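A closer look at the structure
What follows is the residue order along each chain.
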Amino acid sequence: MEITNLSFSYQERLIYDGLNIKFKDGIPNIVIGPNGTGKTTLLDTLARLNPPDTYAALVNVPSTKEIGYQLQRTLFYPTLTVKQTLNMYQKIDHAGGAVPTELMNKVFTTVLKPLESIKMGKLSGGERRIVLTYGTCLLNRKLYLFDEPLSGIDPSNATLIMDMLCSLAEKSTVIMTTHQLEQLKNRRSQIIGLNQGHCVFSGTYTDLLELEDTQDISEAYSNLINSSRAR
Ligand SMILES: Nc1ncnc2c1ncn2[C@@H]1O[C@H](COP(=O)(O)OP(=O)(O)OP(=O)(O)O)[C@@H](O)[C@H]1O
């Protein structure tokens, strides 16, 4: 799956200037970059939510009905309980949705089971995000897009969510955005760095540390962004 030569602007603001990205199968693709650099816009483009003249840049991207997209500001029904919300996700696909993996079962038992009878509107922001991320994993799709699934999630639950998304990537293409770079340590993933309309990095966590000659991922990220700004 690829994006080739994508140029896109919101009114006078240029977001991508001939953007090229090759996504990997088998491991999650993690899109990183400064605020406002176009990470969400990239997921929107893949989901074909942006104008049709962007479609030509999409190579081998599944059709919209084969895509599961968890938006950053995901809609939910506040009066449904967690159990009802997850049942609803399971019923979206006529075939009954995906069979939960072992790791999904672990997330369910550890985090969601105790919340089952609580209404969505009464959950904390982090709890709600876990429910909705889990629900998206219940859909049976070829491509999953997650916009900041780790935002507001405590480190222990973030590890569980990342485990779940890595296992999902073994059978489908997974693309997510995040600012939580420390969660990517010791994980197989492709990191895609965006800055100023271009892909400025594509490689593993270790590749990024080696490129910037540091053991500190925050420093590596800052150096990457500052050096690509200066270009
Ligand atoms: N519908 C829109 N109309 C006009 N400008 C928009 C629209 N949606 C997004 N933008 C602008 O496009 C830029 C990229 O937004 P986007 O949400 O893709 O950034 P992001 O990299 O996901 O940021 P963050 O890390 O803060 O979530 C921002 O400057 C934003 O203000």
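In what follows, the accompanying structure is described. Predicted model, so just to flag it, every value in this text is computed and none were measured. (Residues numbered from 1 in each chain as written. Predicted model: local features only at pLDDT ≥ 70, side-chain atom pairs only at ≥ 80, totals over all residues.)

1. Considering the overall build of the chain
- Looking only at helices and strands, the chain features 7 helices and 9 strands.
- Taken over C-alpha atoms, the radius of gyration comes to 18 Å for the chain, in line with the 17 Å a tight globule of 231 residues would show.
- In terms of principal-axis extent, the alpha carbons of the chain reach across some 55 × 40 × 30 Å.
- Sorting the 231 residues of the chain into buried and exposed places 38% on the buried side.
- Across the chain, the fraction of contacts at a sequence separation of at least 24, relative to all contacts at a separation of at least 6, is 69%. (Helix = DSSP H or I, 4+ residues; strand = E, 2+ residues; numbered from the N terminus. Rg over C-alpha atoms; globule rule 2.2 N^0.38 Å. Buried ≥ 20, exposed ≤ 12 C-beta atoms within 10 Å, placed from the backbone. Contact = placed C-beta atoms within 7 Å.)

2. Here we look at the pairing of strand β1 (residues 2-10)
- Direction of pairing for β1 relative to strand β2 (residues 13-22): antiparallel, over a ladder of 7 bridges. In the sheet register, Y10 faces β2, and the bridge partner there is R13.
- Remark: 2 residues form the turn of the hairpin made by β1 and β2, two consecutive strands paired antiparallel; Q11 in that turn has positive phi of roughly 45°.
- Where β1 lies against strand β4 (residues 58-59), 2 bridges are found, and the strand directions are antiparallel. When the bridges of β4 are listed, E2 appears paired with V59. (Pairing = 2+ DSSP bridges.)

3. Focus on the environment of K106
- Along the polypeptide, K106 turns up in helix α3 (residues 102-112).
- Sequence separation of K106 and L6 is 100 residues, and the distance between their C-alpha atoms is 39 Å.

4. Some remarks on the sheet that holds β4
- As summarised here, the arrangement of the 3 strands in space is β2-β1-β4, forming an open sheet in which the pairing is antiparallel. Two strands lie at the open edges of the sheet, namely β2 and β4, each paired on one side alone.

5. Description of the sheet that holds strand β3 (residues 29-32)
- Spatial ordering of the open sheet is given by β5-β6-β7-β3-β8-β9, a layout of 6 strands whose pairing is mixed. Strands with a single pairing partner mark the edges of an open sheet, and in this sheet they are β5 (67-70) and β9 (198-203). For this sheet, the mean inter-axis angle between neighbouring strands, taken without regard to orientation, is 15°.
- One ladder, built from 5 bridges, connects strand β8 (residues 190-195) with β9; its direction is antiparallel. Its bridge partner lying in β9, I191 is registered against G203. (Axes fitted to C-alpha atoms, helices over the stretch in contact; angles between N-to-C directions.)

6. Remarks on the packing of α3 against helix α4 (residues 125-138)
- Look at α3 against α4: their axes get within 11 Å of each other, and the N-to-C directions meet at 155°. By the angle class used here, α3 and α4 are roughly antiparallel. Crossing geometry of α3 relative to α4 is assigned as left-handed. Listed contacts from α4 to M104, V107, F108, V111 and L112 of α3 are I130, V131, Y134 and C137.
- Residues of the contact of α3 with α4, tallied by class, amount to 9 nonpolar, no polar and no charged. (Parallel < 35°, antiparallel > 145°, perpendicular 65-115°, else oblique. Left-handed = near helix turned anticlockwise from the far one by under 90°. Nonpolar A, V, L, I, M, F, W, Y, C, P; charged D, E, K, R; others polar.)

7. Section: unusual backbone geometry
- Even without being a glycine, N5 presents a positive backbone phi close to 50°.
- Located in the positive-phi region is D213, a residue other than glycine, with phi close to 55°.
- Tracing the chain through its elements places D213 in the loop between α6 (205-212) and α7 (217-230).

8. Let's talk about the environment of P34
- For P34, the location among the structural elements is in the loop between β3 and α1 (39-46).
- The class of P34 is partly exposed, set by 15 C-beta atoms lying within 10 Å.
- C-alpha of P34 to C-alpha of L46: the two residues are 12 residues apart in sequence and 20 Å apart in space.
- Among all residues touching P34, those that are not within four sequence positions of it are N195 and I225.

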